[in-house]
Each structure stands twice: as C-alpha cells, then as structure tokens.
Amino acid sequence: SPPDWSNLTPMTFYANFTLTAYTHYYNPLFVFVPCAGAGGWSPLVSDRYQWLEVDLGRRTQITAVATQGRYGSSDWLTAYLLMFSDTGHNWRQHRQEDSLGAFPGNSNADTVVQYKLEQPVIARFLRLIPLDWNPSGRIGLRLEIYGCRYTSSVASFDGSRSSLVYRLSVRASWTVMETISLKFKTLKNSGTLLHAEGQRDHSLTLVLEKGKLLLYHLQGVSSSSGGQLLVSLGSLLDDQHWHHVKLERLSTHLNLTVDKNTLQVQIPADLSHWHIHTKVGSFLNFHGCLENLLYSDINLIDLAKHGSSQVGNVTFSCAEPVSVAVTFTDSHSFLQLPGLTSWSTGLVSVMLQFRTWNKGGLLLTFGLPQQDGTVFLYLSQARLRLQISKAGRSSLDLSLSFKNDHLSITVDKDEGATAHISISVPLTSDSQLFFGGCPTGESAQKCKNPFNTFQGCMRLLNLDDQTVDLIKVQQRLLGNYSHLQIDMCGIIDRCSPSHCEHGGICTQSWSTFHCNCSNSGYRGATCHSSIYEQSCEAYKHKGNMSGHYYIDVDGSGPIKPQLIYCNMTEDKTWMVIQHNNTELTRVQSSAERNQHFAYFDYSSEEEQLVAVISQSEHCEQELSYHCRKSRLSNTLEGAPFSWWVGGAGPGQSQTSWGGALTGTQQCGCSLQDSCLDPSHDCNCDADYDQWTEDSGLLTHKETLPVRSLVLGDIHRPGSEAAYRVGPLRCHGDKNFWNAAFFDKETSYLHFPTFQGELNADISFLFKTTSSSGVFLENLGIKDFIRIELSSSTEVVFSFDVGNGPLDVRVKTSLPLNDSRWHRVQAERNVKEASLRVDNFPAATHEAPTDGLMHLQLNSQLFIGGTASRQKGFLGCIRSLQLNGVTLDLEKRAKITPGVLPGCPGHCSSYGSLCQNEGRCEEKANGFSCDCGQSAYTGAFCHKEVSATFKSTTSITYILKEPFELSRNSSGLPSSIYSDITLRGENISLSFSTNQSPALLLYVSSFYREYLILLINKNGEDSQIAFSLGCLLLINDCVFLILEDLNLTSDVEFNSIKSLILGRVEEPDGLDAEMAELASLGFTGCLSGVHFNSISPLKAALLHPDSPVIVTSPLVQSSCGSSSPANTYAAETTHSLSGTGMDPGQPLVNTIRSDSALIGGVIAVVIFVTLSALAVMARFICSRKETYRNQEVKAAQPEDSNEFPFSGQPDSPSAPSENQKEYFI
C-alpha cells in the first residue's frame, strides 16, 4: 500500500523546496533544483516522508515526466508518486489506469526514464513523492517536466443571480453534429451547468445533482423542473477539481462525456431533427467556475467578455476557496484535536463535512470527565447515530435527532452534506476530540472505539465556528494524527464507471466494490459470464428435453438472453421463435382499400434474431398464401400485386413465394412444373374462381425472418385470400461443433490478438489422451495469458497484467486425458480470476485492490501451442469462445499443416444420454440415439410408446414365418429372424387397468411351447404397482410356461413364433379355461412393452411395415406417461419387468424417469419385506422343468381354487444344465 506520505516532520516540511520553472511554447519545462551539492536533489533524510514540489508559475498542460538519478552517485529513485494542484492545496494523486498510483523509476543514476501521461494534466503545482530508492544509496533525483502553455477563458458564478446567456441570432443551416463542451469545478453538489433551447419548445439541461451529472430532455417546462432523464454520468464531481464535460448531438444519438467516460443515448423521436437556435447558458444556481465553454467552435465566455452575451453577476476569474481535506485511509487512522479555551462556557459547536462509502464507522468521540461518560457520533447501516454512555447507567442511543434543550443534531437531506452538532456539556480546554478512530498506545486510555474506524474524507472542520488549521496538524504543531492523508481527499468511486456488466448493480466500500447479479442472467464478480447456454443444441447435449429455455446467443456479449422454445423431439434440435400471428388469417375483399398490410412482431429483439439466424446452420419459415381470384404477380415485367418483406433490420421486399428462388416472381410450383396454369409461375396467378394456394418453406437465411406482408389483389368482387406465416425455426449450432484436431505437438493455429483488457472470458471443450499441453497463449511485452493442461488431473490458467504472474489451478478427481469432452471456463476481470473445469469446484483468485488492471497484449493468439512451439497440445479443441465470440477453428485448420478440421467421436462423451437401450450413433457434428432396439422413442429414447386397449384390441408380432420343421435339419429359417432360442428372457412393460384377471402378454413357439404373463384374480381387490426395471415379486401376477413335451426333447424355449398383446384370437393348444381367459383380451393402457430386443407395441404404432397384425383401431396415447391425478382412482398405473437371465448377462437398463419415480417410492416401502422373501422367489414365481430327453415325463400342474393354472414346484433334485428359470 502507498506510504503515509503526509506525515511530515517540521524539519522535512520546511526543508522541501518550492521550485521555479520557465517554459517555452511547445518546449519541455526544465526544472533547476537549487540544493547543496552537485547533480540534483537529495534531501538530508531519506525516508518516505519527503517530497519535491514544483511551482510552474501558471497553469500548464503537463504531458510527461522524466527522472534521472543524481549525477555521479548511487542515488536514484525506483518508484514515486505524482500529485497535482492548481493552488498548492487540495492535491490530486495521478493514477495509472485509474487504480495504481506508483510510477516506475530508475535502475541507475544515468539513464533517463520518461513516463508519458495517458491524458495531459492541467495544473500549476506538481509534487513528486519518493516511494523507493536504491538500497545502496539514498534519495536522488534529476527531474524534467514536459508540457505546453495552456490558455483558457474562465467565468465564476456565485450560485444566486449569476447567469450567462448566448442567443443565436442567425442559423445558416442545420448540421449533422452539434457540440457543447466545458470544464467546471465546484464545492457544491448541486446546480445547473447548462441549458440549451431548441425549436418546438424542446431543450436539453445538464444538471449537477448529488455530485453526479444528469442530462434531461424537457418540452414546454422550465429548465428547473421536470423533464425526461436521458443519461447520468460521473460521481464525486463536487471535489473542487476541474472536470471536463462534452455533449455531442449526432443524427441518431447523443454522446455525453465526463472526464474519461462516455455514454451514448438514443435521441428521442422529438429530437431527431432538433438543433439549438435560441440560447445556451443560464447558470442560475451553479456555484463554482466554468472554463472554455464552447458551442461548436464558439467560445461563449470570450463573447461574454466582449459584451456579445447576456451576463449577470459573473466574474471572469476563478476565486478558489482554500479547502484542506483529510483522508482516513485504514483501520489505524485517527485525528486528535484539543479543546478550545472558550469551552469553559459549556457551549461546544462542531461542524464538518464527510464523505464515505462505508455504511458504518466512528465520526467523533469525546469523554465527559465530570459525568464519567462518553459521547459517540457514528454511522451504522448508513444512518447517523448518537450514543451517550455513562458509567453505571445504560447507554442512550439515538438515531438522526435528539430534541431537547441540551443537544441537537442537524443532518442535511442531500448526500454528502453537512452535519451540525450543538452540545451543552461540561467540556474544557483539556478535553480531547477524536475523529475517525482512536490511537493506540498510551493515548488509547483516553479513547475507546467500540465501532469500526471511519474510512473516508472530512473537510471544512470547524470548532466553535473556527476552521481547524489542518496544515498545522500536518506539521505536528496542533493535535495528533496517524495514517492520514492531509490536504487531499483520496476517496475513489469504484462504481463510476461501473465495472458491473449486463445490468448488475454496483455497491462499494472504501477498498472494493461488489456486483449484485441477481435477475441479470449472468454470474461472476462483474456479472460477465452468462448462466445460460448459447443454443438449444447446447441444452440438448446436457440431457435436457423439449421446452422453453433462455438462450444467450453471444454468451458474455451485449445481447440479452431470450426465452425460446427448443424442440428436441427429432434428430435435429430446433429453435422456435414465435411472432404475434402464426394462425391462418383470412382477408376479405374490399372496394375501399387496394392493399392489406400485415406486420409481425417477434418475441425476440432485433439483435437476438440476427444472431440466432447467423449462428444456425439452417433456418426456415413457412409462408402460405391461400387465394380465390387473388393473384400474386402481375406479369414478369410488371410490378407484383403482393410481396413480403424479410431480412435483417428493416428488411427488403421479396417477390418469391412458396420456396422459389430469391429474387424471382415465382412460386414453388414453378420449380416442379406443377402450377395449375402452365403459363403462370404461381397457382394463384391462374386467377381461378376456386380456392388454391402457394405455400412452402423460405430457407434463405438472408431473407429471414418475414417482417410484413402486402397483399394487393383483394379489391375485386369475389376476391378472397388467407395467409399464414409460421414461426421462425432454426437448427444446427455452427459454433457448438466448430472444432480442430491437433495431431502434432508442433502444430498450432494463430488468430489476431485477443482484446480483453478489463474483462476476458475464455471457454472451450477439449478431449485428449495426452497428459499435458498448452490450449492457448497470447503474449504482450510483459503481460500474457495462457491456459494449459499441466497434468492429467490439473488445468492451469496463468496471466500477468503487470502485477506479477498469477496461476489459478483446478485439480480434478478424475483423469482428463480419457478421450472424452471436457469443458473449461476461464474468466479474468478487474476483481478476480476464476477457472472452472466440468462440474468440479471452481478456483478463484482475487485481484489486488490497487493493482494494474489492463491486460495489454500485442502478439498473435496461439491455439493448441505456443510461440516457442513447445508443450503443444495433442487432441481436439471445440467451441472456443473469447468474450462470447467464436473462433472459426475449422476454417483456419483447413489451411494449416498439422491441424485437421472437425473432430469425430462424440459417443464416448454423450452416449450416456441415450436411455432405455438406445444406441449412440456417431455423426460428423454430434450424435444421435438409435431407438430401434428400445421400446421407447424420442431424441434420447426417453419417450414411452403407449396405447389404450379395448377388449377387442389385438397386436400380433410375427417373429418367424412357418417352415418345415425338422429335428435333424441344421438349416436355418428363411426369415430375417433367426431361429430364436431363449436361455434368458427380459420382459418389461407398464400397464394400467382395473381388469382382473387379465392377460398381458402371450408368446408362442412352433414347438407348442407357451409363455403367458397375466394378472391374477385377487388383483381386483388390491392396488398393484410395479417399478419398471426392478425385480419385484408380487403374487398377483403369474408367469406360466406350458410345454408339449412330445414335440421336443430340447431344454430351451425354441423357435418363437409370435408375441400377442391384448386379445388372443386363436389360442392354439390352450385348454378351455385358459383359452377363455385369453379371448377376454386386455382393457386398459399398455406402455413400453419390450421382449428381449423386440418392441411389439412400438412396431405396431410407429412402424407399420413391421411384421405386425393389428385388429381394431389402435391409436397412440400418453396414458403411460401421466400419473393418475386421483390416488384413489379405480385404475392404478403399474410398471412390470420380468427377467430370466444367464449368469453374467448384463441387466438391461429399462428404467424411465417417470416410472422410476413412482416405483422407487414403492420399492423403498416393500424392500425389507421382499428381502425376506427373496429366498422364496424361485418357489412363488418360478417354474422349473427338467427334461431327460423323451424318457422323462413333465410334472403336470395341479388345480388351484384361486387360479386353475397356478403351477407347483417340482421336487428338489440335483442341479442340472437343463434347468430353466423365469423370474418376474
């Protein structure tokens, strides 16, 4: 931190010199130092409380400062501060980049080091304060100041009757740009600086309010009231320093500049062709000085001097009151003042002005010796409070005011105003007042501070209406102090201009600022990085389903997030942007009007629309025109009757319809030679007295979106028309899949220098098998930025902005060189640096409070390597974005050796998104889920296929065509379904029914083997729930296998013939009772039916070309995906899975999110019971049959009162390879 340079001892204070300099116009200023010895200035004592002050004799434009060590010595400075002033008081510290105040000095006694000021400084006095010097020598300095003569016109206003009005008598012509500029300085925080009137009673007023500059637009009201606020800029402008203001009126907007900061505001429609034509000026309540008031190139103050303006009580000089401020810098700051001799009367008056950003801190405290008490005046929660505590009594705590005969507090309503305290207490000249805090050591016994120390500025400190001489305090001739900066106010407004982006709200304390990013859609220390994805494609690859999502198309860029519907039901992911009329709209003929106009307002703003269309691979919009005696075109040479307007901005007129080529007066039918009248290029141009249409998709992105329609041929009798403009639909994110493959360590891509001085965010995805490599690097003279994979489990973000190299590291618990995509997000701003890798905890590092802020780079940006071609990256980098702008890696890779465009292999990263046995398939840009082997459908095989069954509904899936069976034949069936032999079965389905008993599934084979899945009778008296994918054992379901042992001696379920859902029309081989049950069919809902790799219900509904026979109408419904609204309803949704598996066969994941939620709850409740019954599972729901070729007879099932086909288990026998088990 900077030293306490103002703590000057009397010796050093008087030992410093006031130096005289002479100037030549456009020549440097030479300063001669009349000190003892040769070679330059060197104080007797070398410490941090010395300074060299230069009086230039008049205000001068200073452009540079050069330093050199003392001649022939080891004395030179290595760092110093610069202060400037107009009066020798109220110093202002010059800062680099508005933050760091230290300037680099010399490294030897001979070399000259020059520092050019970014902006010239206008001042008369310069003060140089040494910070560090050669440790082997002492402070030594030769100084040279560069600058130019400065001339100005100044006017002083007293804040009451002062005014300066300039009236434009003649205006030659209207100009595109008008400019008004001025400089001002004031101690008051309010006043009108400028009032400019124009035509039609419009005017602009520039007002200083609470230390900020506000620009108002007024119409028909006085300059002192009302008006529309256009822009607010600046802060702490009442500091008695010169501030530059410039107002520019351009054709479409206004620019307001205050010092270095500029804001642009759109001109209201009323001011689009406004110009000043009456007067400029009128400073009725401004108290301060103006300098160089210019209207375009006219100096209004010079005109006023010569009587060309109306002047009232204005003096043409700037009489500046001497105001000595004091800055309380940290927790050790305090100011101690003794009491006055006049205090023996008992009346004490204290007056001061203070300014702070902190909400709390001690302003003043003093003791009451005679009453053994203490008075505290302090800030708490940004409110002024008074506390009087006395020994043995509870303290009295008052807020804002305490009204009685002894004590009163007055606080001005305005911000930064004066606090008056009038106290009638027994104080004497021996009493001590402590401002800001309390000292440490021996003096601490007289002062106790239970509150925070005050950090801020105080000025105009008065005791009994006598101004305290703070210069004497600085010289240690009055009172005591520590850690103060005297004769300056060092407060900094860190929120003006605000570093909070995207509408983040800036708040601050003495040493830092904070951005509130709530409801902004952005995150980070400065609300820089978006919390939303940039496309629907990105949301899809995070596993999201169709729905409305906020899309931020440019990430951290200026475009706001927008709510867009993402349709993810297909392989392509569509972004759907609606407008105000997507319905078919009919237009009636009217003899009163020749044309009908239709305008379309989109839910997204203009810049959002343009960005979405630009980054999408394909966009389309339906345009349909239905007509009856209403033509579109007249002739090929003539003007069309109707047209539409589309494209960016205002758009351009288009005459092509229904998908025809852009720029032609044609329709889609002309491309296919299918128009109603071959002599015309549109169906509607046939002019038939019947309804027809010209419809199609508009796919030329340059002409989208459709903004308006103009329909012309609607005024004739009998003319009718209707139109429909669908929503804008786009798919494919060119940025998301833009990738490059680096196959050599020496290969790299290079791009122009990265521009991220104050805010830099970098995001990308990578995959590699290497354990290290540099992702990107950009160098400057000293600054740099780099992101690299330092090991298989660590990513490092390194940079230097002049404060020294800094590393931000993220260590991961899993290896990153696994050939899967990993996401890296790095951000660096003026407040902190952060690094994120996938979903691992982020790493952050705060920036120094008063450090350098600007990242200054000048070399090319290297991707995949470094300028030295060392530590190159091997692998793929994808979707690389810098401050929201995507770098086109593929385009650059096509012309760069050692780098290939694109990067295949996405299933290793995204394959887990394919659910329910869906299979991931690679694509050039992305992947898709093949749901062919799944009972589900949808983009991720996540959507259940459901249907409502009636008692007559039957679905028969034929697995094998009939063929001649031969036991001894080794030939295979001719069907595409091979001779299916089941050693383990996987059956899963969900159902909802109130029927009991009911048959769910019937499987038959050519060898008269059967498998039946049905609901038992007692199901009608109980609610049944099964969790899909879980092995639940419930006796309401019976899994029955019937076999005719005379047909086969094989031990397996051979040659499956068909699967039947619902009613079994021809129950071949079943006895009468079972056949009767099979003929009843199934009434209810079936969903997600899966038998091994076969999905009969899905085939029947979605693939009519499959070998499926359906009786009675079958319509797909959503009955399987919606849970019952009434838990006491008769029907209950069930989900059932039956699995019989060979040892080592993996359990196929058939869990669906909707069903799993219901089933999971049930599974928890019955888990303990089922665990106890697990040993009995094979006896309750299993059927064991042992075959001994044809010599062994199968045990026939016995009758049961509850259900006639409930099988009994066989007698225990030795384990055999011929045993087979089926589990539900």
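Cut-off values and rules
- Residues numbered from 1 in each chain as written.
- Predicted model: local features only at pLDDT ≥ 70, side-chain atom pairs only at ≥ 80, totals over all residues.
- Heavy atoms only, no water.
- UniProt positions renumbered as here; feature names shortened; annotations may be inferred.
- Helix = DSSP H or I, 4+ residues; strand = E, 2+ residues; numbered from the N terminus.
- Buried < 20%, exposed > 50% of the residue type's maximum accessible area, 1.4 Å probe, protein only.
- Contact = heavy atoms within 4.5 Å.
- Areas by Shrake-Rupley, 256 points an atom, 1.4 Å probe, with all protein chains shown as cover.
- Core = buried A, V, L, I, M, F, W, Y, C linked by side-chain atoms within 4.5 Å.
- Disulfide = S-S within 2.5 Å.
- Salt bridge = Lys/Arg side-chain N within 4 Å of Asp/Glu carboxyl O.
- Pairing = 2+ DSSP bridges.
- Axes fitted to C-alpha atoms, helices over the stretch in contact; angles between N-to-C directions.

Identification of the protein chain as Contactin associated protein like 3 from Astatotilapia calliptera is taken from an unreviewed UniProt entry. According to UniProt, the comment filed for the protein chain under the heading Sequence similarities (unreviewed entry) is "Belongs to the neurexin family." Checking UniProt for the protein chain, the heading Subcellular location (unreviewed entry) contains the comment "Membrane".

1. Focus: the overall build of the protein chain
Per the secondary structure count, the protein chain includes 12 helices and 84 strands. When the 1224 residues of the protein chain are sorted by exposure, 52% land in the buried category. Considering only intrachain contacts with a sequence separation of at least 6, the fraction spanning at least 24 residues in the protein chain is 71%. Of the accessible surface of the protein chain, which amounts to about 56,000 Å², a share of 50% is contributed by carbon and sulfur atoms.

2. Some thoughts on unusual backbone geometry
Here serine 496 and proline 497 are connected by a cis peptide whose omega angle stands at 0 degrees. Within the fold, proline 497 resides in the loop between strand E37 (484-486) and strand E38 (505-508). The linkage connecting leucine 704 with the following residue, proline 705, adopts the cis geometry, with an omega of 0 degrees. Considering the arrangement of structural elements, one finds proline 705 in the loop between strand E50 (692-698) and strand E51 (706-711). For histidine 483, which is not a glycine, the phi torsion comes out positive at approximately 50 degrees. Here histidine 483 is to be found in the loop between strand E36 (480-482) and E37. For histidine 483, a relative accessible area of 30% gives the class partly exposed. For aspartate 687, which is not glycine, the phi torsion reads 60 degrees and is therefore positive. Assignment of secondary structure puts aspartate 687 in the loop between helix H6 (668-671) and E50.

3. Focus on the nonpolar core
Ranked by internal contacts, the top residues of the largest apolar core, which has 42 residues, are Ile551, Phe600, Tyr625, Trp657, Leu709, Tyr723 and Leu728. Counting residues in hydrophobic clusters, the runner-up holds 40 residues, among them Phe775, Phe799, Leu835 and Leu855.

4. As for the state of the cysteines
Taken as a whole, this structure holds 16 disulfides when the rule is applied. The partner cysteine of cysteine 914 in its disulfide is cysteine 929, sulfur to sulfur 2.0 Å. The disulfide joining cysteine 914 to cysteine 929 has a torsion of about -85 degrees about its S-S bond and is therefore left-handed. Of this pair, cysteine 914 sits in the loop between helix H8 (907-910) and strand E68 (919-923) while cysteine 929 sits in strand E69 (residues 926-930); the two residues are 15 residues apart in sequence, bridging distant segments of the chain. With respect to burial, cysteine 914 and cysteine 929 carry one shared label: buried. The disulfide partner of cysteine 931 is cysteine 941, and the S-S distance across this bridge is 2.0 Å. As the torsion about the S-S bond is roughly -95 degrees, the cysteine 931-cysteine 941 disulfide counts as left-handed. Residue cysteine 931 is located in the loop between E69 and strand E70 (936-937), and its partner cysteine 941 is located in the loop between E70 and strand E71 (943-944); the two are separated by 10 residues in the primary sequence. Comparing cysteine 931 with cysteine 941, the two get one shared label, buried.

5. Side note on the pattern of salt bridges
Taken as a whole, this structure holds 28 salt bridges when the rule is applied. Across the pair aspartate 55 and arginine 124 runs a salt bridge, and its minimum N-O distance is 2.8 Å. With a gap of 69 residues between them, aspartate 55 in strand E3 (residues 52-68) and arginine 124 in strand E7 (residues 113-133) connect regions that are remote in the sequence. Among the residues examined, arginine 124 registers a relative accessible area of 29% and is labelled partly exposed.

6. Some words on the sheet that holds strand E46 (residues 596-599)
Read from one edge to the other, the open sheet built from four strands follows the order E46-E51-E48-E49, with strand pairing classed as antiparallel. Looking at strand neighbours, the two that pair on one side only are E46 and strand E49 (652-654), the edges of this open sheet. Across the sheet, the axes of successive neighbouring strands diverge by a mean angle of 20 degrees, strand direction being ignored. Strand direction decides the pairing type here: strand E48 (residues 643-646) and E49, joined by three bridges, are antiparallel.

7. Topic: the sheet that holds strand E57 (residues 773-779)
Spatial strand order, E55-E64-E57-E58-E59-E60: six strands in an open sheet with antiparallel pairing. The sheet is open, and its two borders are formed by strand E55 (749-751) and strand E60 (806-811), each paired with just one other strand. With direction set aside, neighbouring strand axes in the sheet form an average angle of 15 degrees. Sheet topology places strand E58 (residues 784-791) next to strand E59 (residues 794-800); seven bridges connect them, and they run antiparallel. In the sheet register, isoleucine 787 faces E59, and the bridge partner there is phenylalanine 797.

8. Some details on the environment of threonine 692
Among the secondary structure elements, threonine 692 is positioned in strand E50. The sequence separation of threonine 692 and cysteine 627 amounts to 65 residues, and the corresponding C-alpha distance is 5.6 Å. Here threonine 692 is in contact with Tyr625, His626, Cys627, Leu676, Asn683 and Cys684, once residues within four sequence places are set aside.

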